[in-house]
Amino acid sequence: IKSKKMSEIFFSITSSIMFICIFREDGKIFRLKRENHRMHSENFTSFLKKLLEESETSLKELEYIYMTSSSGNQTGIRVSITFAISMSVLNPKIKIFHMDTLFFQAGRDDCISLMSINEKKTKYFFLLKDNKKILKSETGIEEVEFYKKEFPNLIIKENLESTNFL
């Protein structure tokens, strides 16, 4: 009997950057990253379909779903949750994990983690992480420069630009 190959999907469609990664059991990784402000929810299914075809993966082969979300993009959150619930109906054994996008971007680093809310990049979702603890998390912050001066030793991570998706 041929064993069924299993894959994992990791995605976020609730920030200014959309990314989807498929990790196959054979070690191959397929990824797509797009800056597409306010259009992720509309494009998620077409990009997912493209990546599934490219990776020769079917939805039934997904064993794990990892998704991120940030506050503010309610449509993106609804689409993410709907996808995860639909997948759990298709495969009741699928495991679903969730993480805040700002926390994901911060990773193991002490840093100021920012996701722009608007295209002008004047308002941000904001996370301040120092000594491995979250000191502050806010939505709609405009005074980022104050925190950059107050915590000059912290790395600035913004809009998933320096995030390694592998």
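Up top is the structure.
All of these numbers come straight from a predicted model, not from anything done at the bench.

Definitions and cut-offs
Residues numbered from 1 in each chain as written. Predicted model: local features only at pLDDT ≥ 70, side-chain atom pairs only at ≥ 80, totals over all residues. Heavy atoms only, no water. Core = buried A, V, L, I, M, F, W, Y, C linked by side-chain atoms within 4.5 Å. Buried < 20%, exposed > 50% of the residue type's maximum accessible area, 1.4 Å probe, protein only. Helix = DSSP H or I, 4+ residues; strand = E, 2+ residues; numbered from the N terminus. Contact = heavy atoms within 4.5 Å.

A separate point is the nonpolar core. Membership of the largest hydrophobic core comes to 20 residues, with the highest contact counts inside it found for Ile-9, Phe-11, Ile-20, Phe-44, Leu-48, Ile-65 and Phe-83. Those elements giving two or more residues to this core turn out to be strand S1 (7–12), strand S2 (17–24), strand S3 (29–35), helix H1 (40–55), strand S4 (62–69) and helix H2 (74–90). It is H1 that contributes the most residues to this core, five residues altogether. If sequence neighbours within four positions are ignored, Ile-65 has contacts with Ile-9, Phe-11, Phe-83, Ala-84, Met-87, Ile-94, Lys-95, Ile-96 and Phe-97.

Both trends apply: most residues other than glycine have a negative phi, and most peptide bonds are in trans. Its identity as a non-glycine residue notwithstanding, Asn-131 has a phi of 55 degrees, on the positive side. Assignment of secondary structure puts Asn-131 in the loop between strand S7 (124–130) and strand S8 (133–141). One non-glycine residue, Lys-132, lies in positive phi territory at about 65 degrees. Following the sequence through the fold, Lys-132 ends up in the loop between S7 and S8. Under the relative-accessibility criterion, Lys-132 is labelled exposed at 58%.

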